[in-house]
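Chain by chain, the residues run as shown.
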Amino acid sequence: MNELKNMFVEKLKTANKLLVFTGAGISAESGIATFRGEGGIWEKFKAEELANFNAFMSNPDLVWEWYQYRRKIINEAKPNKGHYAIAEMELYFESVKVSTQNVDNMHKRAGSKNVYELHGNIERNYCLKCRTFYNSADFNFEYNKAPKCKCGGLIRPDVVWFGETLPMEEFALSEKAASNSDIVFVVGTSAVVYPAAQIPISGKSSGAYVVEINIEETALTRFADYSIFGKSGEILPEICKLSKELKNIC
Ligand code: OAD
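Throughout this description, residue numbers start from 1 for each chain and increase along the sequence as written. Side-chain atom pairs in this predicted model are given and counted only at pLDDT of 80 or more, local residue features only at pLDDT of at least 70, and totals for whole chains, interfaces and linings cover all residues. Side-chain numbers here rest on the full set of heavy atoms in the structure, without hydrogens or water.

Enquirer: What's the story with the packing of aromatic side chains in this structure? I'm lost.
Expert: The geometry of an aromatic ring pair is captured by two quantities: the separation of the ring centres and the angle between the planes. When the centres of two rings from Phe, Tyr and Trp lie within 6.5 Å, Trp using its six-membered ring, the rings pair. Their planes under 30 degrees apart give stacked, over 60 give edge-to-face, and anything left gives tilted. What the rule picks out here adds up to six aromatic pairs. Plain terms: the ring middles of F8 and F185 are 6.2 Å apart, the flat faces sit at 85° to each other, and that makes the pair edge-to-face. Highlighted residues: F8 in helix 1 (residues 2–14) and F185 in strand 7 (residues 183–187), separated in sequence by 177 residues. Across the pair, exposure class does not vary: F8 and F185 are buried alike. Grouped by ring-pair contacts, the aromatic residues F56, W66, Y67 and W161 constitute a single cluster. Either the NZ atom of lysine or the CZ atom of arginine qualifies as a charge over a ring when it sits within 6 Å of the ring centre and within 35 degrees of the ring normal. Across the ring face of W64, the terminal group of R71 is positioned such that the distance to the ring centre comes to 4.5 Å. For the cation-ring pair, R156 lies above W161, with the distance from its terminal atom to the ring centre recorded as 3.9 Å. Secondary structure counts use DSSP, requiring at least four H or I residues in a row for a helix and at least two E residues in a row for a strand, with both numbered from the N terminus. Summary of the burial criterion: residues with accessible area below 20% of their type's maximum are buried, those above 50% are exposed, and those between are partly exposed, where the area comes from a 1.4 Å probe applied to protein chains only.

Written out as structure tokens, the structure reads:
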């Protein structure tokens, strides 16, 4: 174990480029529920009734109300120490990119500059008919009524639902960043939803050193070069502090 830790410290010392790939677990300490596991969203709600296009078309108001409920939780939440540590690491490395499966905007709110949103952003919405974008904060959306655009089209949240493709550019940029990185950190994800979960594996195939941070073992653990088990809001600030020391930045 010590040998692995020493190797991680060595890698951190010489690394210039990082990719941080995140999932719902990084926002758990902000009070935003994860999807799987105890207390997870998919334990209480059925994904097939809420997070897919057909569900929206057959009952737009129900799906809309569910997203308004999640928006409220997310709006009231704040980025945690894990999000802030990732943003701070930009000071200590040549490049720090974030590829996230989360729609909660927490990385940008914490100050991360290069964020690729693989599953969209709950604060954005668009009209199905004319593609006009609406920001949740700029629009007086009703809580339980799917809104209509000025053109008459239905407005949906700009999130990726089951069966939909990921935004091509965000995915391509994440894959590129994974391949170009010295270290890929995989934080708070069960790593079971593809194609997003492919990203750290692509990094590994291109020679990146893969470090997983999670409270438990996941589908990715066997691919990781080093796994740190614990809360990301505790582990990431430690890694950030260590990076600062290793890079001799006062
Ligand atoms: P999951 O809910 O599948 O996994 C959350 C992970 O976070 C689990 O592995 C937990 O062990 C871990 N975790 C929980 N608390 C943590 C903490 N404090 N620190 C570190 N790790 C912690 O969430 P995702 O992997 O993000 O997709 O799920 C992937 C996708 O499935 C989501 O983006 C969403 C969902 O269906 C769409 O909506 C398209």
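What follows picks up the thread again.
Enquirer: Can you help me understand the sheet that holds strand 6 (residues 155–159) in this one?
Expert: Each pair of strands is called paired provided DSSP finds at least two bridges between the two strands. Taken in spatial order, the three strands make up an open sheet running 5-4-6, and their pairing is antiparallel. Looking at the sheet topology across the chains shown, the edges are occupied by strand 5 (133–135) and strand 6. On average, each strand axis in the sheet is tilted by 40° relative to the strand beside it, whichever way the strands run. Contacts between residues were defined by any pair of non-hydrogen atoms, one from each residue, lying within 4.5 Å. All axes here are fitted lines through C-alpha atoms, helices being fitted over the stretch that makes contact, and every angle between N-to-C directions spans 0 to 180 degrees. Each of strand 4 (120–127) and strand 6 is contacted by helix 5 (residues 60–76), which is oriented at about 140° to strand 4, the strand it contacts most.

Enquirer: Which parts of the structure should I look at to understand the site of the ligand?
Expert: Put simply, a residue is near a molecule or strand once any heavy atom of it comes within 4 Å of that molecule or strand. Taken together, 24 residues lie near the ligand, and F35, R36, T189, S190 and N214 sit nearest. The backbone of A24 places a nitrogen or oxygen atom 2.8 Å from an oxygen atom of the ligand. At a separation of 2.6 Å, an oxygen atom of the ligand approaches a polar side-chain atom of R36. Per-residue and other accessible areas follow the Shrake-Rupley method at a 1.4 Å probe size, with only the shown protein chains counted as cover for residues. When the free accessible area of the ligand is taken as 800 Å², the share hidden by the protein chains comes to 93%. Under the scheme applied here, ten amino acids are nonpolar (Ala, Val, Leu, Ile, Met, Phe, Trp, Tyr, Cys and Pro), four are charged (Asp, Glu, Lys and Arg), and all others, including Gly, are polar. Residues that form the shell around the ligand fall into these classes: eight nonpolar, 12 polar and four charged. Residues adjacent in sequence count toward polar contacts only when both atoms are side-chain atoms; beyond that, a polar contact is any pair of N or O atoms within 3.5 Å, and within protein one must be able to donate a hydrogen and the other to accept it.

Enquirer: Can you help me understand helix 9 (residues 198–205) in this one?
Expert: Count 3.6 residues to each turn of an α-helix, and residues three or four apart come out pointing the same way. For helix 9, every residue scored as buried is listed here: I199, P200, I201, S202 and G203. Within two residues after helix 9, G207 carries a phi angle of roughly 105°, on the positive side.

Enquirer: Could you clarify how one ought to interpret the side chain of D158 in this entry?
Expert: If you trace the backbone, D158 turns up in strand 6. What makes D158 buried here is its relative accessible area of 16%. A polar contact is formed between the side chain of D158 and the side chain of R124, at a distance of 2.8 Å. If we skip the residues at most four places from it in the chain, D158 touches H119, G120, N121, R124, N125, Y126 and F133.

By themselves, these observations are geometric and do not establish any function.
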